[in-house]
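Observations on the model geometry
Read off the chains here:
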Amino acid sequence: MIAAGRIDYITRLMLFGVLLMSMAKVIPFLPSVPDAVYYGGFVGIAIWGMLHGSISVAYAYLPFVIVMFISIWVNEIPAFFRVWFRLIAFLALLFAVGPLLVSPQMTAGRRLLFTYLLMAIRLIVFASFLGWFCGLSFVYGYSGFRGVTNQSMLLGPLAGITCIYSLYRFYISSRQVDRYKEMGMVVLSVIILLLAGSRSALGSTVLAAAFFYSRIYRHHITRLWKLLFAFVCVAVLTSAIWWPYTERLRSKMEGGRNSGSITGSRDALWDDRVAEFKAFPVFGVGFATVNLEYAQTKKKVNMESGTVEPGSGWLFILSSMGLAGFLSFFIPYIYTLYRLFQKEEINGYLLGALLFFFFFHLYFEGYPLASGSFLCLFLWLLLSECTKLISKNS
């Protein structure tokens, strides 16, 4: 990516700690990290950044933060949701790695952490491939093939991110041998995507790759069509090789057809989020919570920890924070995506493609408010990088 800039030793140490703790959220073989330590790391980064150098506020996401508080104040939220803890935890992550607070040192630190996370994700996907290739049993779990991660629904998007990042590295590589390595990583990522069986991750990756190539060949449309034709021909000719790896995807599609809906595993959750929004359209039912009077899928709510499986990130923001919260997140998100589409530089193509990936993936997975989720950390760090890039020279 881009040069990291000047970062002091203490910041580097805290960033390395956050990197290790975030990996504990992904890899089940690593020891678990207490919440106090995990979020304490973000608090430390935020405070250290504010104490060293001038701080400015990026006002684009400030209304989103304000609506968080309002959505809690105007609702009676059951105590088991621990809503104030969830809010403080999310704000700690947002202040540390999100686009809200800006300073030269914090920006440089976030860029370094973003690069480290991308490299760590590549290693996770590569290790998952090696585990599958060697026939190791631990790469399979209750949800099917999970590689070296907690579950397949996490491995899928990580493989998608790796695929897009490897395409980017292919085009910035100057040596032919490096280009061969990156294309190899693209192939491995696609294999892991198929094995993980995540339809949302696979579809989001295809759309993100389309975004990336539409920018790479924006002035060479004929070459883009030739590339697409060549890709289709290769896919058809090699179908006998990769088709067996789609067994899990095909079983999901078959199960969906038998149940009458290819999104059968999400339909009830989506219906609950829509019902909550209709009942509380302005500020929602409360930040990162659900209303049990309207939620029919109560088994998706843990009454002890307060954790929720919302079914969709976009709908969860809409239902828990209402139209005010949804628009305060959606508008800057879309504006950022639009500005990245206009950027004519390779870093913008990567960030735009990744943001496009999450735009579609959030329709099916609900992690944008889940501060304990690795994908939540990566998403807000990505938004910070995107905001920095589009503000440069503007």
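Rules used throughout
Residues numbered from 1 in each chain as written. Predicted model: local features only at pLDDT ≥ 70, side-chain atom pairs only at ≥ 80, totals over all residues. Heavy atoms only, no water. Helix = DSSP H or I, 4+ residues; strand = E, 2+ residues; numbered from the N terminus. Buried < 20%, exposed > 50% of the residue type's maximum accessible area, 1.4 Å probe, protein only. Contact = heavy atoms within 4.5 Å. Axes fitted to C-alpha atoms, helices over the stretch in contact; angles between N-to-C directions. Parallel < 35°, antiparallel > 145°, perpendicular 65-115°, else oblique. Left-handed = near helix turned anticlockwise from the far one by under 90°. Nonpolar A, V, L, I, M, F, W, Y, C, P; charged D, E, K, R; others polar. Core = buried A, V, L, I, M, F, W, Y, C linked by side-chain atoms within 4.5 Å.

**Digging into the environment of Phe229**
Counting through the fold element by element, Phe229 comes out in helix α9 (residues 221–237). Among the residues examined, Phe229 registers a relative accessible area of 59% and is labelled exposed.

**Let's talk about the environment of Ser54**
Along the chain, Ser54 falls in the loop between α2 (35–51) and β1 (56–57). C-alpha separation for the pair Ser54 and Leu350, spaced 296 residues apart in sequence, amounts to 29 Å. Among all residues touching Ser54, those that are not within four sequence positions of it are Val102, Ser103 and Pro104.

**Structural notes on the packing of helix α13 (residues 313–342) against helix α15 (residues 374–391)**
With their axes 10 Å apart at the nearest point, α13 and α15 run at an angle of 55° to one another. Judged on the interaxial angle alone, α15 and α13 are oblique. Crossing of α13 over α15 shows left-handed handedness. Of α15, the residues touching α13 (which contributes Phe329, Tyr333, Tyr335, Thr336, Arg339 and Leu340) are Leu379, Trp380, Leu383, Cys386, Leu389 and Ile390. Among the residues forming the contact of α13 with α15, the class breakdown is ten nonpolar, one polar and one charged.

**Concerning the nonpolar core**
In this structure, Phe42, Met68, Phe358 and Trp380 are the most contacted members of the largest nonpolar core, which totals 114 residues. With 13 residues, α15 is the largest single contributor of residues to this core.

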